[in-house]
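Working through the structure, step by step
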Protein chains: 4
Amino acid sequence: MDLSDLEADAKAKLEATFYDYIAGGAEDERTLADNQDAWDRMRLRPRVLRDVTTIDTSTTMLGARVSSPVAIAPMAMQHRASPDGPVATARAAQATGALFCMGLFGAGSAAQVAAVPGNAPRWLQVYVMADRARSVEAIARSAEQGYGAIVITVDVARQGNRRRDARNRWTFLQSDGQVEDPNELFDHALTFDDIAWFAERTPIPLVVKGVARGDDAKACVDAGAAGVVVSNHGGRQLDGALATADALADVVAGVDGRAEVYVDGGIRRGQHVVKALAMGAQAVFVGRPVMWGLVVADQKGVEGVMRGFQDEVERAMALCGATRVDEIDASLLAEPGWNRPRG
Amino acid sequence: MDLSDLEADAKAKLEATFYDYIAGGAEDERTLADNQDAWDRMRLRPRVLRDVTTIDTSTTMLGARVSSPVAIAPMAMQHRASPDGPVATARAAQATGALFCMGLFGAGSAAQVAAVPGNAPRWLQVYVMADRARSVEAIARSAEQGYGAIVITVDVARQGNRRRDARNRWTFLQSDGQVEDPNELFDHALTFDDIAWFAERTPIPLVVKGVARGDDAKACVDAGAAGVVVSNHGGRQLDGALATADALADVVAGVDGRAEVYVDGGIRRGQHVVKALAMGAQAVFVGRPVMWGLVVADQKGVEGVMRGFQDEVERAMALCGATRVDEIDASLLAEPGWNRPRG
Amino acid sequence: MDLSDLEADAKAKLEATFYDYIAGGAEDERTLADNQDAWDRMRLRPRVLRDVTTIDTSTTMLGARVSSPVAIAPMAMQHRASPDGPVATARAAQATGALFCMGLFGAGSAAQVAAVPGNAPRWLQVYVMADRARSVEAIARSAEQGYGAIVITVDVARQGNRRRDARNRWTFLQSDGQVEDPNELFDHALTFDDIAWFAERTPIPLVVKGVARGDDAKACVDAGAAGVVVSNHGGRQLDGALATADALADVVAGVDGRAEVYVDGGIRRGQHVVKALAMGAQAVFVGRPVMWGLVVADQKGVEGVMRGFQDEVERAMALCGATRVDEIDASLLAEPGWNRPRG
Amino acid sequence: MDLSDLEADAKAKLEATFYDYIAGGAEDERTLADNQDAWDRMRLRPRVLRDVTTIDTSTTMLGARVSSPVAIAPMAMQHRASPDGPVATARAAQATGALFCMGLFGAGSAAQVAAVPGNAPRWLQVYVMADRARSVEAIARSAEQGYGAIVITVDVARQGNRRRDARNRWTFLQSDGQVEDPNELFDHALTFDDIAWFAERTPIPLVVKGVARGDDAKACVDAGAAGVVVSNHGGRQLDGALATADALADVVAGVDGRAEVYVDGGIRRGQHVVKALAMGAQAVFVGRPVMWGLVVADQKGVEGVMRGFQDEVERAMALCGATRVDEIDASLLAEPGWNRPRG
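Here's what I pulled together on the structure shown here. (Residues numbered from 1 in each chain as written. Chains lettered and ligands numbered in written order. Predicted model: local features only at pLDDT ≥ 70, side-chain atom pairs only at ≥ 80, totals over all residues. Heavy atoms only, no water.)

**Some details on the overall build of chain A**
Definition in use: The helix count covers DSSP runs of H or I at least four residues long, the strand count covers runs of E at least two residues long, and both are numbered beginning at the N terminus. Here the term buried applies to any residue with accessible area under 20% of the maximum for its type, exposed to any over 50%, and partly exposed to those in between, with areas from a 1.4 Å probe on protein chains only. The accessible surface values rely on the Shrake-Rupley method and a 1.4 Å probe; as for residues, cover is taken only from the protein chains in view. For the purpose of counting charges, residues Lys and Arg are taken to be positive, whereas Asp and Glu are taken to be negative. His and the chain ends are not included. Note on charges: their place is set at NZ of Lys, CZ of Arg, CG of Asp or CD of Glu.
Helix and strand content of chain A: 14 helices and 12 strands. If one aligns the C-alpha atoms of chain A with their principal axes, the spans along those axes are about 60 × 45 × 40 Å. Counting all 343 residues of chain A, 65% fall into the buried class. Accessible surface for chain A amounts to roughly 11,800 Å². Of this, 47% is attributable to carbon and sulfur atoms. Averaging the positions of the 37 positive and the 46 negative side-chain charges in chain A gives two centres separated by 3 Å.

Written out as structure tokens, the structure reads:
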């Protein structure tokens, strides 16, 4: 099944306002659309005549082995997509050997997710709350629970201007029924110094999510981050921000090999994953497709999505003549002007 | 409410020919469309991890403090959009701390607008009439009335070829019921020397509106202009003229810091404002959205539009990591080729 | 009335196959569409604050004064558009001071057209026939009849692959009712040497029509041509050929001031004319719009079209700050990248 | 008849799943669409005033004379398009003097095709099977049967992810009714060394089909290939691969004149052929159009398609001023920026 079919099935099952909340983006949804277009605009230059009998799609993320360079992004509202959403997602991740980055916000089941058996790494994503104690507490618990890294999301200095949600009068309901205003929850004073402060206090590696520039990425690494996620929050925050595919090369250059670079946003095909790795990403994250899988068929739905990505990555690697992910290099990408003779 | 919804509401209230007069542009309306597209084509490179707890959107325009870099452009026919159009607009400007550039043509209530209490600056826009005495007289009065600057519009050497108006047999009715032909009203012999002549005779700063080139902008400054507005009259004059967003950088370079540069045309989102400032504009002007606000809900409608812009500017600045407008720099803009590694 | 409205009116009056013959292009009509798009893709950088009280749109074509740089292109089948087509067109040209380039093929009334009184220049367009005597004879007569130049069309080495005509089983009916196959009529052996041969035998200047390259244009001038028309036969010959607007600069460079350069194809607005002149054209030709005018209202229809162009050229020049056609220079054109600061 | 009409006729005759199998591409069919768009994006710069009375469209492919640079690509399932598909195609190829590259897979009638009388060259395309004996055997027979070259297709390291076929539950039925899985049939360990191994054992020239990069093409030639076909398998394998038109120049540069370069994918017009040759291709292959011709009218249908291409190539060459294929040079192609004056 294709992801577009899966999304249609999920949409049919969901109340419209919740579908809009997941599917939508900020303002005119240009960055949302551009995220996906940008991967499709790029063209691959496949290699042939390599022995691709066996393709190893596995790689590592901060040293931990994963079955493919496709990880599950943190998502809000998983518990609303499926009664046991985060745990079902965690089980699917383990079943497919994928890294799952659990999103803490509004879900409250980090311990349950941590208890799902399996060897695939799991990370914990946190927002730094205006009430910083909540974040510190969550981080402290996470290492003990077996999480391999803490991911701090930093592109939420304000809640994005999401027009669908405004029209739908969408509100963030906590599990206890309380409505929270994200603009009041998050710490808007967060700086690179705070990243350093957290990095010192965190016994496991720290990853910064929501970076779009090489200079910011460099500053994150200087502050102790072991990884950065090129992300614009799925086009949900600053409409007009450049597509993550278009920001990736700059971030890779800024990090300069001193940390791992990941990317999310609009990745819907195995060939998109190959493009991301060819630009220097260590791995990619996918979010909405996992949510649609969860809505349609719980754990099995998520497994189907992840296996679909793994199949497509395997095929795209084979058709590009790459047997291991470290053979995916920049020469696989056609640059503008590639259609003219080279000197 | 979004501006597109607001425009739809206004359209529903207005007679079609008047709506067309406001909404339309010259000939095939390519410059009209390109004005808006050009802002959307640009991409932002947001900064993260700055302390954006407090965002100060205020700035100055010719030294006077305004609450945000979004000012109200001069418009014809405000009195037809609402019985008390210019005054209602002026009150809304004061209520929101925005600069209002009153348009003199066909309205005749500069004194009433001047009498609206408040500290936000107001400017007076004039056309230089074939009968120059009318302009000199208006300028003379303006400083006494409290206007902070005179804006001379210079892109009306001919009336634009507006096909909607021709089809609608639209005519310019003065308040006294007389029809005026703009082509006969305006002085078509106006040159940079005349700008110098006016600048000498004007006790308040002079701004030239309707500039699209760096060399022309430099000549305006040489003639004594304190500011220039990059404008193509909202796409209503020369179809095929480049979008104001595409002309801005050249004008900024031509002015070279010796005067302030403003821009109008197609600005519909806070992120557009950030882009304009990142290219070197001191502030932007918005026209049609204000007109739609006026049509739909008089003063309150205009206030809603201006507050909407201020909210979006605040959010876009926060999401770009800029706490003051002087932190909006050129590095926030993604150039073509940004998706390739930098040296 | 706009040209698109005029075309719709003409279409309503014509039998569909004849409309298709005039309106259509070769194969997939990509060059046909691109001709028009290319003018619209360009952007103007208007000048302001020039004294444009009086605009002189007149210019010369091979030394003869014309009221504007818009001339009437040679067209086949004018007699079928209107009983007295060529003469009505000639009268309209004289009434509006425009150059009319009479097309000889299939019309046979060069003498009648020559007899229309007036001072505006007229040119005669010929195809070099396989039976060369027919062409020599026509050329010999033309100078005596008062034609100011001979235009040899050279982009008809084969009849274009016009799919509409094939579907419509369109045939070329001569005035005597005989069907002619253009592929048999024209001389396919024509070379630059033949141009030289004709230039020596022609008492009036020779213009070569259908040139798309600088090197070919230079060779035409070397062979004695006094002018070249950048043309792809209105997109009716080689589909995939570059738009005339995109070929113009190369031809201007190839000619290097030694002859006059004209251009046709897709010019529908006064601003397109300004763009052509800014790139170095001496004048432009329009064809299909004149045909639609002829169909709708005979001589008056053609006059309306030509006056419409003259009005639009006047307005576009005024809005660009150009009072004479020699003030239309290359700086009026925005190049790609114009939206970035200049050094 | 145009190819788009022909395809519509074929579609009407075929069961939908078979039509989809032929017409479709991999995943989102972007490469499929881009193959065709890429030829149309290019623009020609036609030459005029050459003696084009007689156009010789003939050329050679590996030394053998063909009537035009348009050859018939290998296709699977010809026997399903028409009872006697491959033989009918071979007869049409001989009737029109075109090279036919017989596809061995799933057809089994190489001997019958070889027995069709005529002087036009025929090539045999093979996949290297996991059971390599099958390929060696086929190759050994082919020279004796009169095939002029062996074409090894190398872009099938995995079966493409064809969504239409998945939805249609399309399976590969062999002539004996057995279903084969292409992923198990083909040898996925094939390398350049194997190409060298085959080249040594093949008494006739070896051509490698499915190359998209200059470095790979060079390696093929180093391994003994006499020719390479720039191909992405008609967009059926790796979606996101660059269009063949965009890969061609790089491959031509990589081969550097040491072998012949051919190209397939999206070629639907004679002007596309001229563009391919202008970029350095020796000839082009067309596949789907031949299949449509076969479906609609067997041998006569294929002849119609090939004659249509030959007519269009002849016309396009004449309109470009090229009388022989070696006069089709790179200057016929407009590069980006061609619309600006040259130095």
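Past the structure itself, the notes keep going.
**What to know about the environment of Thr323(C)**
Cut-off, in case you're wondering: A contact between two residues is defined here by any heavy atoms of the two lying within 4.5 Å.
Relative to the helices and strands, Thr323(C) is located in the loop between α14 (288-319) and β14 (333-334). When neighbours within four sequence positions are excluded, Thr323(C) is seen to be in contact with Asp51(C), Val52(C), Thr54(C), Ile55(C), Asp56(C) and Met317(C).

**Considering the environment of Thr57(A)**
All names here are of chain A. With respect to the helices and strands, Thr 57 occurs in the loop between β1 (43-44) and β2 (59-61). Between the C-alpha atom of Thr 57 and that of Arg 201, which follows or precedes it by 144 residues, the distance is 34 Å. Not counting chain neighbours up to four residues away, the residues in contact with Thr 57 comprise Ser 67, Ser 68, Pro 69, Gln 310, Val 313, Glu 314, Met 317 and Val 325.

**Details of the side chain of Gln125(B)**
All names here are of chain B. Looking at where Gln 125 falls in the secondary structure, it is placed in strand β6 (residues 122-126). Gln 125 gets classed as buried once you look at its relative accessible area, which sits at 3%. Sequence-distant contacts of Gln 125, that is, excluding residues within four places in its chain, are made with Pro 74, Cys 101, Met 102, Gly 103, Leu 104, Val 151 and Thr 153.

**Describing the side chain of Arg315(A)**
Relative to the helices and strands, Arg315(A) is located in helix α14 (residues 288-319). Aside from chain neighbours lying at most four places away, what touches Arg315(A) is Glu27(D), Arg158(D), Gln159(D), Gly160(D) and Asn161(D).

**Side note on the interface of chain A and chain D**
Here is the rule we go by: Defined here as a combined quantity, buried area equals the accessible surface (1.4 Å probe) lost by two parts on assembly, summed across both. Each reported salt bridge corresponds to a side-chain nitrogen of Lys or Arg within 4 Å of a carboxyl oxygen of Asp or Glu. Any pair of N or O atoms that falls within 3.5 Å is considered a polar contact. Within protein, one atom must be able to donate a hydrogen and the other to accept it, and sequence-neighbouring residues count only if both atoms are side-chain atoms.
Tallying the contact residues gives 35 residues for chain A and 41 residues for chain D. Buried surface at the junction of chain A and chain D, both sides included, amounts to about 3,100 Å², of which 53% is carbon and sulfur. The tally of links from chain A across to chain D stands at eight salt bridges. A salt bridge links Asp34(D) to Arg43(A); its shortest N-O distance comes to 2.9 Å. Here chain A is connected to chain D by 18 residue pairs in polar contact (both at pLDDT 80 or more). Elements with a minimum of two residues in the side of chain A that touches chain D: β1, α13 (270-278) and α14 of chain A.

**Details of the packing of aromatic side chains**
For clarity, the threshold we go by: When the centres of two rings from Phe, Tyr and Trp lie within 6.5 Å, Trp using its six-membered ring, the rings pair. Their planes under 30 degrees apart give stacked, over 60 give edge-to-face, and anything left gives tilted.
One pass over the full model with this rule turns up 32 aromatic pairs over all chains. Plain terms: the ring middles of Trp123(A) and Phe285(A) are 6.1 Å apart, the flat faces sit at 50 degrees to each other, and that makes the pair tilted. Taken together, the residues span a long stretch of sequence, with Trp123(A) in strand β6 (residues 122-126) and Phe285(A) in strand β11 (residues 283-286) at a distance of 162 residues. For Trp123(A), a relative accessible area of 1% corresponds to the buried category. Considering the side-chain rings of Tyr127(B) and Phe186(B), the 4.4 Å spacing of their centres and the 20 degrees angle between planes classify their relative orientation as stacked. Taken together, the residues span a long stretch of sequence, with Tyr127(B) in the loop between β6 and α7 (132-145) and Phe186(B) in the loop between α9 (182-185) and α10 (192-201) at a distance of 59 residues.

**A word on the pairing of strand β6 (residues 122-126) of chain C**
Residue and element names in this part refer to chain C. Stated precisely, the cut-off is as follows: Pairing between strands is defined by DSSP: at least two bridges between them are needed. Looking down the strands as they point away from the viewer, one classifies a crossover as right-handed if the path from the first strand across the helix to the second runs clockwise.
Buried residues dominate β6, accounting for five of its five residues. Residues Arg 122, Leu 124 and Val 126 line one face of β6 and the alternating positions Trp 123 and Gln 125 line the opposite face, and both faces are buried. Where β6 and strand β7 (residues 149-153) come together, four bridges link them in parallel fashion. Bridge pairing in β7 links Val 126 to Ile 152. For the crossover that starts at β6, traverses helix α7 (residues 132-145) and ends in the parallel β7, the hand is right-handed.

**Focus on the relation of the copies chain A and chain D**
The test is simple: Superposition of the copies was done by least squares, using only C-alpha atoms of residues whose pLDDT is at least 70 in both.
Rotating chain A by 90 degrees and moving it 0.1 Å along the rotation axis overlays it on chain D with an RMSD of 0.0 Å. In short, the pair behaves as if placed about a four-fold rotation axis.

**With respect to the pairing of strand β10 (residues 206-211) of chain C**
All names here are of chain C. The buried count for β10 comes to six of six residues, which makes it a mostly enclosed element. Of the strand pairs in this sheet, β7 and β10 are connected by four bridges, and their pairing is parallel. Note that in β10 the partner of Ile 152 across the bridge is Val 208. Inspection of the sheet shows β10 paired to strand β11 (residues 227-230) by four bridges, in the parallel sense. Within β11, the position partnered with Val 207 by the bridge is Gly 227. Traced from β10 through helix α11 (residues 214-222) to β11, the parallel crossover comes out right-handed.

**Regarding the pattern of salt bridges**
Applying the stated rule across the entire model yields 106 salt bridges over all chains. Overlapping salt bridges, with partners in common, bring together Asp2(A), Arg269(A), Glu312(A), Glu27(D), Asp28(D) and Arg163(D) in one network.

**Some thoughts on the packing of α7(B) against α10(B)**
Residue and element names in this part refer to chain B. Quick reminder of the rule: Lines are fitted to the C-alpha atoms to define the axes, a helix being fitted only along its stretch in contact, and any angle between axes, read from their N-to-C directions, falls within 0 to 180 degrees. Take the far helix as the reference: if the near one is turned anticlockwise from it by less than a right angle, the crossing is left-handed, and if turned clockwise, right-handed. Basically, the charged four are Asp, Glu, Lys and Arg, the nonpolar ten are Ala, Val, Leu, Ile, Met, Phe, Trp, Tyr, Cys and Pro, and anything else, Gly included, counts as polar.
Orientation of α7 relative to α10, taken along the N-to-C sense of each, is 35 degrees, at an axis distance of 11 Å. When you trace α7 past α10, the crossing you get is right-handed. Residue-level inspection shows Arg 132, Ser 135, Val 136 and Ile 139 of α7 in contact with α10, the latter providing Asp 194, Trp 197 and Phe 198. Class assignment for the residues of the contact of α7 with α10 results in four nonpolar, one polar and two charged.

Purely spatial values, then, with no claim about function.
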